[in-house]
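What follows is the residue order along each chain.
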Amino acid sequence: MTTKIQQILKTAPNESVLFGSWLSSLGLDARGQHAYMKSGWLDRISKGVYKIHGSTPSLMATISSYNTQLGKSCIVGAYTALEHRGYSHYLPMGKPTAYLFTDKNNKLPSWLLKEEWDMTIKYMTTSFLGDELLGVETMAINQHDLLVSSPERAILECLNLPDASSALLDIYYIMESMTTLRPKLVQTLLETCTSQKVKRLFLYMAEKAGHAWFKALKLEDISLGTSRFMITPTGKYIRKYNMTISKELAEYE
């Protein structure tokens, strides 16, 4: 006889992390969940969070379950999104890094951030591109559906990272390969973006790379402000974008 938990897993075979509220919605209440844990079917990860006994869920599988079972919107973005879309210019050494983003009102639970995963988590809460998931697309990674930033959004996320100023040349290497960005999406993202620093760096890099899509942008509709930015403490001043950047980027050809 098929047990209730077996029925649930048969209808959702890719769910390796099971949330109590989701199980309850499928007819397995808290008492039943506890019983399956006691009988060895489930292992408890945190309060109301389980995994199949003996399994080792990946981080991406867990984020997929977190989104689909709880109706959340954790985004895989920045360098991680670019790597999965074939834009990485180097192979990461050691344990890979997962750049994850949510808005400030829906922070990831502490247990998820503290758990030992197959990837190192770099997590940010931000709304610099709005809260409407602009430029976020559903993408399957290892058979798990995830919300992944488009290339247009991901490169902006890279430029918004706390350590971006020390990685400008690395980001530019990626920008050089981004020959097929969609100008309409780029335009919308830049008009929505609240970081003048990110917008100036993006436009400077895109123009420097000579991409055809850059010429389709309506720069007059993108607000860049008037303040001067010291992206790096020393370097070269770029008058057009009123900012100082590293000499290695400014002089790179």
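Residues numbered from 1 in each chain as written. Predicted model: local features only at pLDDT ≥ 70, side-chain atom pairs only at ≥ 80, totals over all residues. Heavy atoms only, no water.

1. A look at the sheet that holds strand E7 (residues 136–141)
One open sheet accounts for 5 strands, arranged E6-E5-E4-E8-E7; its pairing is mixed. The open sheet has two free edges, formed respectively by strand E6 (120–125) and E7, since each of these has just one partner strand. Where strand E4 (residues 75–76) meets strand E8 (residues 144–149), 2 bridges bridge the pair, whose relative direction is parallel. Of the residues in E8, the one forming a bridge with Ile-75 is Leu-147. Sitting on the sheet, helix H4 (residues 59–70) is in contact with E4, strand E5 (97–102), E6, E7 and E8, with an inclination near 90 degrees to E8. Packing against the sheet, helix H7 (residues 151–160) makes contact with E4, E5, E6, E7 and E8, and its axis sits at approximately 65 degrees to E8. (Pairing = 2+ DSSP bridges. Helix = DSSP H or I, 4+ residues; strand = E, 2+ residues; numbered from the N terminus. Contact = heavy atoms within 4.5 Å. Axes fitted to C-alpha atoms, helices over the stretch in contact; angles between N-to-C directions.)

2. Observations regarding the nonpolar core
Residues Leu-59, Leu-100, Phe-202 and Ile-245 are the most contacted members of the largest nonpolar core, which totals 86 residues. At 7 residues, the largest contribution of residues to this core is made by helix H10 (residues 196–209). Apart from residues no more than four positions distant in its own chain, Leu-59 is found in contact with Ala-98, Leu-100, Leu-112, Trp-117, Asp-118, Met-119 and Ile-121. (Core = buried A, V, L, I, M, F, W, Y, C linked by side-chain atoms within 4.5 Å. Buried < 20%, exposed > 50% of the residue type's maximum accessible area, 1.4 Å probe, protein only.)

3. Quick word on the pattern of salt bridges
With the rule as written, the count across this model stands at 7 salt bridges. Among the ionic pairs, Arg-85 bridges to Glu-137, the shortest N-O distance being 3.0 Å. Taken as a pair, Arg-85 in the loop between helix H5 (78–84) and E5 and Glu-137 in strand E7 lie far apart in primary sequence, 52 residues in all. Under the relative-accessibility criterion, Glu-137 is labelled partly exposed at 25%. Across the pair Glu-116 and Lys-95 runs a salt bridge, and its minimum N-O distance is 2.8 Å. Within this pair, whereas Glu-116 is found in the loop between helix H6 (110–114) and E6, its partner Lys-95 is found in the loop between H5 and E5, the two being separated by 21 residues in sequence. For Lys-95, a relative accessible area of 37% corresponds to the partly exposed category. One network of salt bridges, in which partners are shared, links Arg-85, Glu-137, Glu-152 and Arg-182. (Salt bridge = Lys/Arg side-chain N within 4 Å of Asp/Glu carboxyl O.)

4. Let's talk about H10
With 14 residues, H10 extends 20 Å between its outermost C-alpha atoms, agreeing within 8% with the 20 Å of an ideal straight helix rising 1.5 Å per residue. All of the buried residues in H10 are Val-198, Lys-199, Arg-200, Leu-201, Phe-202, Leu-203, Tyr-204, Met-205 and Ala-206. Positive backbone phi, at 70 degrees, marks Gly-210, one or two positions downstream of H10. (Expected span 1.5 Å × (residues − 1).)

5. Examining the sheet that holds strand E1 (residues 17–19)
Here we have 3 strands laid out as an open sheet, ordered E1-E3-E2, and antiparallel in their pairing. Two strands bound the open sheet, and with one partner strand each, they are E1 and strand E2 (42–46). Within the sheet, the average angular offset between the axes of one strand and its neighbour, ignoring direction, is 35 degrees. Note: E2 against strand E3 (residues 49–52), 4 bridges, orientation antiparallel. Counted as the bridge partner of Arg-44 is Tyr-50 from E3.

6. Thoughts on the side chain of Gln-69
Within the secondary structure layout, Gln-69 lies in helix H4. Within the structure, the side chain of Gln-69 is placed 2.8 Å from the backbone oxygen of Val-17, a separation counted as a polar contact. (Polar contact = N/O pair within 3.5 Å; in protein donor to acceptor, adjacent residues only side chain to side chain.)

7. Quick look at the side chain of Thr-62
With respect to the helices, strands and loops of the structure, Thr-62 is situated in helix H4. Since its relative accessible area comes to 0%, Thr-62 is described here as buried. If near-sequence neighbours (up to four positions away) are discounted, Thr-62 is found in contact with Val-17, Pro-57, Trp-111, Leu-112 and Trp-117.

8. Some remarks on the layout of surface pockets
Of the volumes computed, that of the largest pocket is approximately 200 Å³. Residue lining of the largest pocket: 15 residues in total, with Ser-73, Thr-102, Asp-103, Asp-131 and Leu-133 positioned closest to the centre. Residues belonging to the lining of the largest pocket are distributed by class as follows: 4 nonpolar, 6 polar and 5 charged. (1 Å grid on protein atoms, 1.4 Å probe; cavity = no way out; pocket = protein on both sides within 12 Å on 5 of 7 lines; lining within 4 Å. Points joined across faces, edges and corners; volume = space filled by probe spheres on them. Nonpolar A, V, L, I, M, F, W, Y, C, P; charged D, E, K, R; others polar.)

9. Overview of unusual backbone geometry
Even without a glycine there, the phi angle at Ala-78 is positive, about 50 degrees. Turning to its location among the elements, Ala-78 is positioned in helix H5. The backbone of Asn-142 shows a phi angle near 55 degrees, a positive value even though the residue is not glycine.

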